[in-house]
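# Tertiary structure, described
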Amino acid sequence: SRSLTGVLSGDSVSLIDGTATFADPNVGTWTVTGTGFSLSGTDAGNYSLASVGTTNATITAATTTATLAVTGPVQYSDQSTFTVSLSPDQILGVSPATGVQFKIDGVNVNTVQTLTDSGASLTASITTPILLAPGSHLITASFEGVNSNFTVSAATATLLVNQEDARTTYTGLI
C-alpha cells in the first residue's frame, strides 16, 4: 500500500504511482523496492518525498489442478486409457511440470510421458497393454520436472476390472 504522511489539512497533494520491483521473481520472501514515485497537486511544490521505502513481501506458489480420466470398467484382457490434465498450462511462459509417470497400484506402467500444451492445460495419455486381475485398481499420475513456483499434486482415479466373459469356440459338425 502507499500513503502520504504530514500533509496539512486543506493542501492538495497526491502520490503518483511508480514501480515496485521484487528482488527475485521466484517463490519466497524478498525485498521490494519502489522507484519512480512522485507528488502532484496544487500544493505538491511545498512537499518532498523523504524516501520511497523498501519492504519485504512474499511470493507464494501458484496452485494447479490435476485431473485423471480412466476408461473403464474393463475386462481382464481389455486395454484402458489414462489421460491426465494439469492446468494452468503456464504462467508468464513458465510451465508447472514437464512430464508425468502413470502407476497402477503403485507400480510404474510407463516411462515418463512428456506433457503437451493444449492451450489451457498440459496433457498426456497412455493406453495400457497390461492385464490386470479383476477388482479395483488405484491409478496415479505423478508429475515430473515440477517447477518450484507451482504447487503440483498427483492425480488419482480408480479403474474397475471385471472378470472376463466366458468365450468358447466350437469347431465341428452340428
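Refer to the preceding data block for the structure.
In this report, the structure presented in the accompanying data block is examined. (Residues numbered from 1 in each chain as written. Predicted model: local features only at pLDDT ≥ 70, side-chain atom pairs only at ≥ 80, totals over all residues. Heavy atoms only, no water.)

### Describing the overall build of the protein chain
Our working rule: In this text, helices come from DSSP runs of H or I with a minimum length of four residues, and strands from runs of E with a minimum of two, each type numbered from the N-terminal end. Two things to know: the radius of gyration comes from C-alpha atoms, and the globule rule equals 2.2 Å times the number of residues to the power 0.38. Only protein chains enter the area calculation, which uses a 1.4 Å probe; residues under 20% of their type maximum are buried, those over 50% are exposed, and those in between are partly exposed. Every residue pair with non-hydrogen atoms within 4.5 Å of one another is taken to be in contact.
In terms of regular secondary structure, the protein chain is built from zero helices and 17 strands. The C-alpha atoms of the protein chain give a radius of gyration of 29 Å, which is well past the 16 Å a tight globule of 174 residues would have. Projected onto its principal axes, the C-alpha positions of the protein chain cover 110 × 25 × 25 Å. Burial status across the protein chain gives 26% buried among its 174 residues. Considering only contacts in the protein chain between residues 6 or more positions apart, those separated by 24 or more positions represent 59%.

### Overview of the nonpolar core
Nonpolar side chains in soluble globular proteins generally cluster together in the buried interior. For the record, the criterion: As used here, the term nonpolar core means buried Ala, Val, Leu, Ile, Met, Phe, Trp, Tyr and Cys residues forming a set that is joined through side-chain atoms within 4.5 Å.
Membership of the largest hydrophobic core comes to 22 residues, with the highest contact counts inside it found for Leu68, Phe82, Val84, Val100, Phe102 and Leu115. Going through the elements one at a time, β9 (80-87), β10 (99-104), β14 (122-128), β15 (135-144) and β17 (155-162) are the ones with two or more residues in this core. At four residues, the largest contribution of residues to this core is made by β17.

### Thoughts on the pairing of strand β2 (residues 19-22)
Stated formally: Criterion used throughout: strands pair if DSSP finds at least two bridges between them.
As defined by bridge partners, β2 adjoins strand β3 (residues 28-35) across four bridges and the pair is classed as antiparallel. Looking at the pairing, Ala20 lines up with Gly34 of β3. Hairpin remark: β2 followed by β3, antiparallel, with five residues in the connecting loop.

### Things to note about the side chain of Ser142
Looking at the element boundaries, Ser142 is found in strand β15. Ignoring any residue separated from it by four or fewer positions in sequence, one finds Ser142 in contact with Gly99, Val100, Gln101, Lys103 and Ala154.

### Details of the sheet that holds β2
Threshold: Structural elements are reduced to axes, namely lines fitted to C-alpha atoms, with helices fitted over the stretch in contact, and the angle between N-to-C directions of any two is expressed from 0 to 180 degrees.
Pairing is antiparallel across the open sheet formed by three strands, whose spatial order is β2-β3-β5. In the strand order of this sheet, the two ends are held by β2 and β5 (54-59), each with one partner. Taking the axes of each pair of neighbouring strands and ignoring which way they run, one obtains an average angle of 35° across the sheet.

### Thoughts on unusual backbone geometry
Following Ser87, the chain continues into Pro88 via a peptide bond in cis, with omega recorded as 5°. Assignment of secondary structure puts Pro88 in the loop between β9 and β10. Even without being a glycine, Leu92 presents a positive backbone phi close to 50°. With respect to the secondary-structure elements, Leu92 resides in the loop between β9 and β10. You can call Leu92 exposed: its relative accessible area is 85%. Positive phi values are uncommon outside glycine, yet Asp105 reaches one of about 50°. When you line up the elements, Asp105 lands in the loop between β10 and β11 (107-108).

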